[in-house]
Amino acid sequence: MLVGKSDAKKFAFDTPSPDDKVLAAQSTAGGGGGGSGSSAAATKKTSKALPSTKKYAKGQGQRQGLNLVVVGHVDAGKSTLMGHLLYALGQVSERTVKKFEREAEKIGKGSFAYAWVLDETDEERARGVTMDVATSTFETAHRRFTLLDAPGHRDFVPNMISGASRADVALLVVDAATGEFESGFDGDGQTREHTQLVRALGVRQVVVAVNKLDTVGWSEERYTEIVHRLQGFMQGCGFSSSDVRFVPVSGLDGVNLARRVDGTVPELAAWYSDGGTARACLVELLDTFALPERAVEGPLRLAATDVFRGGSAGSAGSVSISGRIAQGTVQLGEAVVVVPGGAGGTVRAIDVNFEPRDWAVAGDEAIVQVQGLDVQQVPAGAVLCAPEQPVAAVTRFEAQIAVFEPRVPITNGFPVLVHVQSVSVPGAVRRIIETFDPRTGEAKRTRPRHIRRGTAARVEIATESKLCLELFKDAKGLGRVMLRRGGETVAAGIVTALHE
């Protein structure tokens, strides 16, 4: 049975939803009286009602929250840059950095000390490669960021997708060293694929950090060359030129990260200025990211990225589910249900950015402790929902896709891995329905035998196991899919119809 179908043919990854009309930001204070989120069990609905949307939008503090994903080619220096930035902002102590320096030098990786702030596992440190999404937080003058440091190696692109699917904005890090930018951008480099993926996942605002520019003597010519090449490519991916900004930095030396360049780096100061005044550093650019719309009004949708038993003292018989709230609200004492499976429970405690709260809303990275659940009842890809309006779990759906650069044309029966949020399942392009003009939505060819790179098409996809999906027009976060095959992303798209 056809559950729903978009009547809009025009293809767009980030078309505004009719239901997403309320601008709100994440909670920074204690919510509805924070501090009690991890204390006594909430066995019945709390008497503190959630604020109305208008009051919520007005009642936030100066620093409003954003999820920032850091992406780019392997060895571009992402973890070193962000580790040094956290240190410069006081999030990491000098004692900790000195400790990492000593330990890194023992294994011949002395320059990796700042990277170890985020690369915490023994395997990541031994290999010198980020393998999973590392999470941290930091604040600027007007924003509170949840940092998602994504892996750059092509073997870990599924983990990168998991991190980017939770992001509002992105920091793209490129290596300015001779030959290194080219290896990341040309051919099979991850600079190109990561840029396509973050745009396909709904990210519209990006700061590009041109890292390691010190290795080429802070050359303005090299910086301008990289900016010119990336600007054209990113506009082709769907980014507006006004939403993409560039900044020269050295992550290892900490130049132009949290403080504007000065006379200590005369080679950069000579040209990175306006009328003799140094231009904005990285932190200042991050601080000016615009706030996205939050789908506060709507049924709860929390896509689980991690699940573990218990959570707080006296938490026997409960499960903690962490992830980003894509839509709606949740508060202590509420009944919730897990899809797929249908197991239900009661919200016992809520943490947002590791702080106890009475409630959480769309856009928050939250840990929700649910009484009455077992870990085995929360499968990979599960979504925590409002019982009266659960998300659909299907094995067949229709999508409008943009085809990237597959090695072979996509045909009926083409096998793929379907990625949604943090989960991927085997599937296939069951049927190519039509190709169309992405600018006008006008159909170009019905039931084509195959589709090639650069094509926009409407297809039917079947999966081997159930996926939690929404129509893109109703819930953008659960309405986007990525299609991968053989270690490459072949297409990305939006869900237009669900079949039961």
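Note that the structure is predicted; figures quoted are calculated from it, not measured.

Chemist: Quick question: what am I supposed to make of the nonpolar core here?
Modeler: As a rule of thumb, nonpolar side chains are buried together in soluble globular proteins. Membership of the largest hydrophobic core comes to 82 residues, with the highest contact counts inside it found for Leu171 and Leu282. The contact partners of Leu171, leaving out residues within four places of it in the chain, are Leu68, Val69, Val70, Val71, Leu81, Met82, Val207, Ala209 and Leu282. Counting 34 residues, the second largest nonpolar core, distinct from the first, contains Val418, Val425, Leu467 and Leu498.

Chemist: Would you explain the packing of helix α5 (residues 157-164) against helix α7 (residues 190-200) in this entry?
Modeler: To characterise two packed helices, one gives the angle between the axes of the helices and the distance between these axes. Remark: α5 packs on α7, axes separated minimally by 10 Å, with the N-to-C direction vectors making an angle of 35°. Relative to α7, the crossing made by α5 is right-handed. Here Val157, Met160, Ile161 and Ala164 of α5 lie close against α7, whose contacting residues are Gln190, Glu193, His194, Leu197 and Val198. For the contact of α5 with α7, the class distribution of residues is six nonpolar, two polar and one charged.

Chemist: What is the right way to look at empty space enclosed by the protein in this model?
Modeler: With a probe scaled to a water molecule rolled over the atoms, the places where space remains empty come into view. Per the stated rule, a full pass over the model turns up two cavities of 30 Å³ or more. In this structure, the largest cavity occupies an estimated 70 Å³ of space. Contributing to the lining of the largest cavity are His73, Val74, Asp75, Ala76, Val173, Val174, Asp175, Glu180, Phe181, Ser183, Gly184 and Thr191. Elements with a minimum of two residues in the lining of the largest cavity: β5 (169-175) and α6 (180-185). At four residues, the largest contribution of residues to the lining of the largest cavity is made by α6. Residue composition of the lining of the largest cavity, by class: five nonpolar, four polar and three charged. Reported here for the second largest cavity is a volume of approximately 50 Å³. Lining the second largest cavity are Ala303, Ala304, Gly381, Ala382, Val383, Val420, Gln421, Ser422, Val423, Cys468 and Leu478.

Chemist: Before we go on, may I ask you to explain the pattern of salt bridges in this structure?
Modeler: Pairing between side chains of opposite charge can happen when the charged atoms of each approach one another. Throughout the structure, instances matching the rule amount to 20 salt bridges. For Asp186, the salt bridge goes to Arg229, with nearest N and O atoms at 2.9 Å. Of this pair, Asp186 sits in the loop between α6 and α7 while Arg229 sits in helix α8 (residues 220-236), and the two are 43 residues apart along the sequence. A residue is classified by how much of its surface remains accessible, and Asp186, at 30% relative accessible area, is partly exposed. Using a relative accessible area of 29% as the deciding quantity, one classes Arg229 as partly exposed. Of the charged contacts in the structure, one is a salt bridge between Glu434 and Arg458, with a shortest N-O distance of 3.7 Å. Taken as a pair, Glu434 in strand β22 (residues 423-436) and Arg458 in strand β25 (residues 456-469) lie far apart in primary sequence, 24 residues in all. Each of the two residues, Glu434 as well as Arg458, counts as buried. Members of the salt-bridge network, linked through shared partners, are Arg396, Arg430, Arg431 and Glu460.

Chemist: Mind showing me how you'd approach the packing of α7 against α8 here?
Modeler: Running from amino to carboxyl end, α7 crosses α8 at an angle of 40°, the nearest separation of the two axes being 10 Å. Crossing of α7 over α8 shows right-handed handedness. Between α7 and α8, the contacting residues are Thr191, Arg192, Thr195 and Gln196 on the first element and Leu230, Phe233 and Met234 on the second. A breakdown of the residues in the contact of α7 with α8 according to their chemical character gives three nonpolar, three polar and one charged.

Chemist: Quick question: what am I supposed to make of α5 here?
Modeler: In terms of residue burial, α5 counts as a mostly covered element, since six of its eight residues are buried. Of the residues making up α5, those classed as buried are Val157, Met160, Ile161, Ser162, Gly163 and Ala164.

Chemist: Got a minute to help me understand the confidence of the model for the chain in this structure?
Modeler: Low pLDDT means the predicted atomic positions in that stretch should not be read closely. With 82% of its residues at a pLDDT of 70 or more, the chain shows a mean pLDDT of 82. Within the chain, helix α1 (residues 53-58) has the poorest average pLDDT of any element, 44, and strand β7 (residues 244-248) the best, 97. Of the regions scoring below 50 in pLDDT, residues 15-48 engages in 99 contacts with residues more than four places distant in sequence or in other chains.

Chemist: Would you explain the side chain of Arg294 in this entry?
Modeler: Relative to the elements of secondary structure, Arg294 occurs in the loop between α10 (282-287) and β10 (301-309). For Arg294, a relative accessible area of 3% gives the class buried. Within the structure, Arg294 has its side chain in polar contact with the side chain of Asp168 (distance 2.7 Å).

Chemist: Would you mind showing me how to read unusual backbone geometry here?
Modeler: Note on backbone geometry: most residues besides glycine have negative phi, and most peptide bonds are trans. For the peptide bond that leads from Val339 to Pro340, omega is 0°, which places it in the cis range. Residue placement: Pro340 occurs in the loop between β13 (335-339) and β14 (344-352). Within the chain, Asp75 stands out as a residue other than glycine whose phi angle is a positive 70°. When you line up the elements, Asp75 lands in the loop between β2 (64-71) and α2 (78-88). Phi angles above zero are rare outside glycine, and Gln421 is one such case at about 55°. With respect to the helices and strands, the residue Gln421 is situated in the loop between β21 (414-420) and β22.

Reading the values: the criteria
- Sequence order as written defines the numbering, with residues in each chain counted from 1.
- Selection of residues for local features in this predicted model requires a pLDDT of at least 70, selection of side-chain atom pairs for listing and counting requires 80 or more, and totals for whole chains, interfaces and linings are taken over all residues.
- The side-chain numbers reported here are obtained from all heavy atoms of the structure, hydrogens and water having been left aside.
- To qualify as a nonpolar core, a set must consist of buried Ala, Val, Leu, Ile, Met, Phe, Trp, Tyr and Cys residues joined through side-chain atoms within 4.5 Å.
- Exposure categories follow from relative accessible area, calculated using a 1.4 Å probe and restricted to protein chains: below 20% of the type maximum is buried, above 50% is exposed, and the middle band is partly exposed.
- The contact rule is simple, with two residues in contact once any of their heavy atoms fall within 4.5 Å.
- A fitted line through C-alpha atoms serves as each axis, taken over the contacting stretch for helices, and the angle formed by two N-to-C directions is quoted from 0 to 180°.
- Secondary structure follows DSSP: runs of H or I at least 4 residues long count as helices, runs of E at least 2 residues long count as strands, and numbering of each begins at the N terminus.
- The crossing is said to be left-handed when, going from far helix to near helix, the turn is anticlockwise and less than a right angle, and right-handed when the turn is clockwise.
- Under the scheme applied here, ten amino acids are nonpolar (Ala, Val, Leu, Ile, Met, Phe, Trp, Tyr, Cys and Pro), four are charged (Asp, Glu, Lys and Arg), and all others, including Gly, are polar.
- Cavities and pockets were defined on a 1 Å grid built over protein atoms only: a cavity is a set of grid points that admits a 1.4 Å probe from which the probe cannot escape, a pocket is an open set flanked by protein on both sides within 12 Å along at least five of seven lines, and lining residues are those with an atom within 4 Å of any such point.
- Grid points are joined across faces, edges and corners, and a volume is the space filled by probe spheres set on the points.
- Salt bridge, as used here: a side-chain nitrogen of Lys or Arg that lies within 4 Å of a carboxyl oxygen of Asp or Glu.
- Each residue gets a pLDDT score, which is the predictor's confidence in that residue and runs from 0 to 100.
- Nitrogen and oxygen atoms within 3.5 Å of one another constitute a polar contact, given that in protein one can donate a hydrogen and the other can accept it, and given that sequence-neighbouring residues count only through two side-chain atoms.

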